[in-house]
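# Observations on chain architecture
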Amino acid sequence: MANISLRGITKVYPGNVTAVSECDLEILDKEFIVLVGPSGCGKSTTLRMIAGLEEITDGELYIGDRYVNDVQPKDRDIAMVFQNYALYPHMTVFKNMAFALELRRMPKAEINDRVHEAAKILDIEHLLDRKPRMLSGGERQRVALGRAMVRNPAVFLLDEPLSNLDAKLRASMRTELIKLHQRLETTFVYVTHDQTEAMTMGDRIVVLNKGVIQQVDSPQVLYDSPSNMFVAGFIGSPQMNFMDVMLESDDKGLMLVVNDDKLRLPKTRTNDKLKGYIGKTIKMGIRPEDISEGIKGDTVVDVKVEVNELMGNEVYLYLNYNDLHLTSRVPPTLTRTGDEIKVTFNMDKVHMFDLETEESLLI
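About the cut-offs
Residues numbered from 1 in each chain as written. Predicted model: local features only at pLDDT ≥ 70, side-chain atom pairs only at ≥ 80, totals over all residues. Heavy atoms only, no water. Pairing = 2+ DSSP bridges. Helix = DSSP H or I, 4+ residues; strand = E, 2+ residues; numbered from the N terminus. Axes fitted to C-alpha atoms, helices over the stretch in contact; angles between N-to-C directions. Expected span 1.5 Å × (residues − 1). Buried < 20%, exposed > 50% of the residue type's maximum accessible area, 1.4 Å probe, protein only. Arc of directions from axis to C-beta. Contact = heavy atoms within 4.5 Å. Polar contact = N/O pair within 3.5 Å; in protein donor to acceptor, adjacent residues only side chain to side chain. Parallel < 35°, antiparallel > 145°, perpendicular 65-115°, else oblique. Left-handed = near helix turned anticlockwise from the far one by under 90°. Nonpolar A, V, L, I, M, F, W, Y, C, P; charged D, E, K, R; others polar. Disulfide = S-S within 2.5 Å. Core = buried A, V, L, I, M, F, W, Y, C linked by side-chain atoms within 4.5 Å. Patch = residues over 30% accessible without salt bridge, like charges linked within 9 Å, V, L, I, M, F, W, Y side chains within 5 Å. Areas by Shrake-Rupley, 256 points an atom, 1.4 Å probe, with all protein chains shown as cover. Salt bridge = Lys/Arg side-chain N within 4 Å of Asp/Glu carboxyl O. Lys, Arg positive; Asp, Glu negative; His and termini not counted. Charge placed at Lys NZ, Arg CZ, Asp CG, Glu CD.

## Quick look at the sheet that holds strand S17 (residues 315-321)
Read from one edge to the other, the open sheet built from five strands follows the order S15-S19-S16-S17-S18, with strand pairing classed as antiparallel. Looking at which strands have only one partner, the edges of the open sheet turn out to be strand S15 (291-293) and strand S18 (324-330). Neighbouring strand axes in the sheet, compared pairwise and without regard to direction, differ in orientation by 45° on average. Alignment of S17 against S18, held across seven bridges, turns out to be antiparallel. Across the sheet, Asn320 pairs through a bridge with His325, a residue of S18.

What follows is the structure in structure tokens.
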């Protein structure tokens, strides 16, 4: 078993700087979980506390059923893959991968078998006699993974392992890591600031901000039902559009009023909590793909195109809606910068948040 339990984990640095605050998280055995958030949100600190590289200020950490707050990193049955690979430059790939096993005084035959097995899985058998300076970034990353694999750890901890790779290689390595996780059937805890990596790789995603967990859920639930404005704005690219609106009602139901336009809310987007905000200003959120060009429903508004950004199979339209700046993601279009057009809001996908707490009004 390699489930991990964080119970009220807190990390405070000298100067009373709180990096992680009362983190409660249950990581399941064999799960691929991703910690994501902006720089300084506490994700790497959390990972390092799991690894034993950072002392826990308060709270309890369990790996399996074992309390490990005071257990040395080498005794936690974990392996860590760092952003900078941390390979020994004077050693061959074989030696880098075998080094930890040699320290354990493992028989040479078993070391040889483990290294070659890992190298075969990672397709680096032809690199075993080379030194790190002779390898590309992707090859170095595979060696770092192989060095962790040969130890047969219960948990893999990966701290932004793809951030030094170019975009094309990052995409291919994402796929390789998913395959590796499926093959090894081991718990993976992965840290990244890249929400695309998080969405494509994780069974579940932990969104952190300022040392506090904002939401933990599957990628699709985070995207469709963010618990607050931070999660809504962080998950998704381009990010969600936000605008202040007045919630009003009439005999037909609820509507959002902005720039004198009345945007009717469908019943799927109303609840008792929301009705308590009638007559108040709230925050409306809508994703770029839910703003379509042309008249495709009842909630049509006039906008001006400020920038047309061609992305190949789709176009990002940066719009001015009475001095509100919105982004729309549409199929290839003849619309150009400066055009005045009509767009339709898909009100079945709209999100609403409390103006002060920024919590979702739909959850």
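## Concerning helix H5 (residues 167-184)
For H5, built from 18 residues, the straight-helix expectation of 26 Å at 1.5 Å per residue is met to within 8% by its first-to-last C-alpha distance of 26 Å. Of all the residues in H5, the buried ones are Met173, Arg174, Leu177, Leu180 and His181. Seen from one end, H5 has its buried residues packed into an arc of 130°, which puts them on one side. In H5, those exposed residues whose orientation departs by more than 90 degrees from the buried face are Lys168, Gln182 and Arg183. Considering only its buried residues, H5 is in contact with strand S3 (32-36), helix H3 (108-122), helix H4 (137-149), strand S7 (155-159), strand S8 (187-192) and helix H6 (195-201). The backbone nitrogen of Lys168 has a side-chain oxygen 3.2 Å away, supplied by the residue at the start of H5, namely Asp166. Of the residues trailing H5, Glu185 is marked for its positive phi of about 50°.

## Here we look at the packing of H3 against H4
Interhelical geometry of H3 versus H4 gives an angle of 140° and a closest axis separation of 9 Å. Judged on the interaxial angle alone, H4 and H3 are oblique. Here the hand of the crossing between H3 and H4 comes out right-handed. Residues Ala118, Ile121 and Leu122 of H3 form the contact with H4, whose own contacting residues are Arg142, Leu145, Gly146 and Met149. Looking at the contact of H3 with H4 residue by residue, the classes come out as five nonpolar, one polar and one charged.

## Points about the state of the cysteines
In the structure shown here, the tally under the stated rule is zero disulfides. Here Cys23 stays free of any disulfide, with the sulfur of Cys41 as its closest cysteine sulfur at 11 Å. Exposure remark for Cys23: the relative accessible area of 3% places this residue in the buried category.

## Some words on the nonpolar core
A general tendency of soluble globular proteins is for nonpolar side chains to be buried together. Of all hydrophobic cores here, the largest spans 45 residues; its most connected members are Met97, Leu145, Leu158, Leu177 and Tyr190. Not counting chain neighbours up to four residues away, the residues in contact with Leu145 comprise Val81, Leu122, Phe156, Leu158, Met173, Leu177 and Leu180.

## Points about the environment of Gly294
Inspection of the secondary structure puts Gly294 in the loop between S15 and strand S16 (300-310). Taking the relative accessible area as the measure of exposure, Gly294 reaches 23% and is therefore partly exposed. The sequence separation of Gly294 and Ile341 amounts to 47 residues, and the corresponding C-alpha distance is 7.2 Å. If sequence neighbours within four positions are ignored, Gly294 has contacts with Lys342, Val343 and Thr344.

## A look at helix H2 (residues 93-103)
The set of residues buried in H2 consists of Val93, Asn96, Met97, Ala98 and Leu101. On the buried face of H2, the contacting elements are H3 and H4. Remark: Arg105 follows H2 within two positions and exhibits a positive phi of approximately 60°.

## Let's talk about a negative patch on the surface
A cluster of acidic side chains, namely Glu22, Asp24, Glu26, Asp58 and Glu60, defines a negative patch on the protein surface. The set of elements that each furnish at least two residues to the negative patch consists of strand S2 (17-27) and strand S4 (58-63). Top contributing element to the negative patch by residue count: S2, with three residues. Examined against the element boundaries, Glu22 turns out to sit in strand S2.

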